[in-house]
Amino acid sequence: MRKPLVAGNWKMNKTSAEARELVAAMLNPLREIAGVEKVLCPPSTSIPVIASALTGTDIGLGAQNMHWEEKGAFTGELAPNMVKEFCGYVIIGHSERRALFGETDEHVNRKLRAAMKAGLIPIVCVGETLDEYESGRTGEVVSRQIKLGFADVDSASASRIVVAYEPVWAIGTGKASSGENANGVVRQVIRRALSEAFNENVAQSIRVLYGGSVTASNASEFFSQPEIDGALVGGASLKPDEFVAIAKAASGR
Ligand code: PGA
């Protein structure tokens with residue numbers, strides 16, 4: 001019922017020439033994988049070239065961030081309709097944006113509502129820090145991120161939203177969560193909070209990805225969990241064979 005989704009977050013890597021090479025190395029094998037929504041999120045400067053490389057394929061394109069305002073004096077930012085010109089998806093509230101660029105749950109909420117209005121598919125990231133994890137505050141932190149981040153979003157279109165559960169301690173550390181732990185957080189915290197924000201039907205229809213040190217070798221541990229509908233992949237999405245293998249593992253879900 002929930003179609004698996006695998007998204008590659010390239011972060012601040014690759015010039016547009018390098019990005020074109022990277023896409024060329026994964027395009028055909030990715031196209032052969034059925035039953036999975038595949039999405040690439042390159043840096044903004046590569047979005048136009050990747051958009052043309054993906055034309056006519058079933059591979060989606062996403063931005064890594066955007067602003068909530070439609071236009072104006074916001075130096076360095078991209079407006080929702082600028083993203084929509086090329087992309088179907090946008091990552092919102094990645095933990096690096098929260099930790100390094102001061103994004104709050106309120107910013108996430110504004111961006112989420114702007115993305116919905118623009119007709120984009122938002123991939124909203126939530127997750128606890130190591131400190132919060134070790135002090136047993138995962139449930140409290142993640143449900144607050146959802147409660148505040150998802151406020152005043154129309155439940156009629158909310159099924160379109162994608163959530164990425166990304167424990168901060170697992171991102172880029174090589175120390176992924178166990179599949180069982182991530183599944184438990186999604187079931188007990190994320191779907192519950194989504195049900196409170198919308199309703200149970202919507203909570204069951206929203207796709208929830210896992211992110212944090214996903215590789216070709218641990219991907220199926222996540223995809224075999226009933227609550228996990230795919231992955232948001234950072235480091236491994238820059239390696240064509242790895243990313244293709246992860247997408248393949250999701251197709252067997
Ligand atoms: P990672 O990053 O796969 O490199 O841990 C995941 C993410 O930040 O989305």
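Here the structure is shown first, and the text comes after it.
Predicted, not measured: the structure shown is a model, and the values here were computed from it.

Participant: Explain empty space enclosed by the protein to me, please; I cannot follow it from the model alone.
Facilitator: Vacant regions in the atomic arrangement are exposed by a probe of water-molecule size rolled over the atoms. Inspection of every chain in the model, using the stated rule, returns one cavity of 30 Å³ or more. Taken together, G93, S95, R98, C125, V126, G127, Q145, E166 and V168 make up the lining of the largest cavity. Looking at the lining of the largest cavity, the elements with two or more residues in it are α4 (95-100) and β5 (121-126). Residues of the lining of the largest cavity, tallied by class, amount to three nonpolar, four polar and two charged.

Participant: How should the pattern of salt bridges be read in this particular structure?
Facilitator: Side-chain pairing between opposite charges can occur once the charged atoms of the two side chains come close. Scanning the model with the defined rule gives 13 salt bridges in all. Measuring nitrogen to oxygen at the nearest pair gives 2.9 Å for the salt bridge that ties K117 to E70. With K117 in helix α5 (residues 105-118) and E70 in the loop between β3 (59-63) and α3 (80-86), this pair connects stretches of sequence that are 47 residues apart. Of the two residues, K117 and E70, neither departs from the other in class, the shared state being exposed.

Participant: What am I meant to see in the environment of T129 here?
Facilitator: Summarising the element assignment, T129 is placed in the loop between β5 and α6 (130-134). Taking C-alpha positions, T129 is 9.0 Å from S95, a pair spaced 34 residues apart along the chain. Residues in contact with T129, not counting those within four places in the same chain, are V168 and W169.

Participant: Is there a simple way to think about the site of the ligand in this case?
Facilitator: Near the ligand there are 13 residues, and of these K11, H94, E166, G172 and S213 occur at the shortest range. Here an oxygen atom of the ligand and a backbone polar atom of G172 are 2.6 Å apart. Note that an oxygen atom of the ligand is positioned 2.8 Å from one of the backbone N or O atoms of G235. Coverage of the ligand by the protein amounts to 95% of the 280 Å² it exposes when considered alone. Because more than half of its atoms lie within 2 Å of the grid, the ligand is assigned to the second largest pocket. The residue inventory of the shell around the ligand, partitioned by class, reads four nonpolar, seven polar and two charged.

Participant: Could you clarify how one ought to interpret unusual backbone geometry in this entry?
Facilitator: A negative phi angle is the norm for most residues apart from glycine, just as the trans form is the norm for most peptide bonds. One non-glycine residue, K11, adopts positive backbone phi at about 50°. Structurally, K11 can be placed in the loop between β1 (5-9) and α1 (16-31). Within the chain, S213 stands out as a residue other than glycine whose phi angle is a positive 60°. By the element assignment, S213 lies in the loop between β7 (207-211) and α10 (219-223). For S213, a relative accessible area of 17% gives the class buried.

Participant: Explain the pairing of strand β4 (residues 89-92) to me, please; I cannot follow it from the model alone.
Facilitator: As a general feature of sheets, a regular strand has side chains that alternate between the two faces. Neither face of β4 is open: one carries Y89 and I91, the other V90 and I92, and all of them are buried. Sheet topology places β3 next to β4; two bridges connect them, and they run parallel. Along β4, the bridge assignment pairs G62 with Y89. A crossover links β3 with its parallel partner β4, the connecting element being α3, and its sense is right-handed. Two elements, β4 and β5, share four bridges in a ladder whose sense is parallel. Within β5, the residue paired with Y89 across the bridge is I121.

Participant: What is the right way to look at the packing of aromatic side chains in this model?
Facilitator: Each aromatic ring pair is summarised here by two numbers: the centre-to-centre distance and the angle between the ring planes. Tallied over the entire structure, the rule returns three aromatic pairs. Note on F150 and F198: the rings are 6.2 Å apart at their centroids and 70° apart in plane angle, and the pair reads as edge-to-face. A residue pair is termed long-range when its members are at least 10 positions apart, and F150 in the loop between α7 (138-149) and β6 (162-165) and F198 in the loop between α8 (179-197) and α9 (200-205) qualify at 48 residues. For F150, a relative accessible area of 2% gives the class buried. For F198, a relative accessible area of 11% puts it in the buried group. Residues Y210 and F222 carry aromatic rings whose centres are separated by 4.1 Å and whose planes lie at 10° to one another, so their mutual orientation is stacked. Placement of Y210 in strand β7 and of F222 in helix α10 is noted, with a sequence separation of twelve residues between them.

Definitions and cut-offs
- Residues numbered from 1 in each chain as written.
- Predicted model: local features only at pLDDT ≥ 70, side-chain atom pairs only at ≥ 80, totals over all residues.
- Heavy atoms only, no water.
- 1 Å grid on protein atoms, 1.4 Å probe; cavity = no way out; pocket = protein on both sides within 12 Å on 5 of 7 lines; lining within 4 Å.
- Points joined across faces, edges and corners; volume = space filled by probe spheres on them.
- Helix = DSSP H or I, 4+ residues; strand = E, 2+ residues; numbered from the N terminus.
- Nonpolar A, V, L, I, M, F, W, Y, C, P; charged D, E, K, R; others polar.
- Salt bridge = Lys/Arg side-chain N within 4 Å of Asp/Glu carboxyl O.
- Buried < 20%, exposed > 50% of the residue type's maximum accessible area, 1.4 Å probe, protein only.
- Contact = heavy atoms within 4.5 Å.
- Near = heavy atom within 4 Å.
- Polar contact = N/O pair within 3.5 Å; in protein donor to acceptor, adjacent residues only side chain to side chain.
- Areas by Shrake-Rupley, 256 points an atom, 1.4 Å probe, with all protein chains shown as cover.
- Sits in = over half its atoms within 2 Å of the grid points.
- Pairing = 2+ DSSP bridges.
- Right-handed = clockwise from strand over helix to strand, strands pointing away.
- Phe/Tyr/Trp six-rings, centres within 6.5 Å; stacked < 30°, edge-to-face > 60°.

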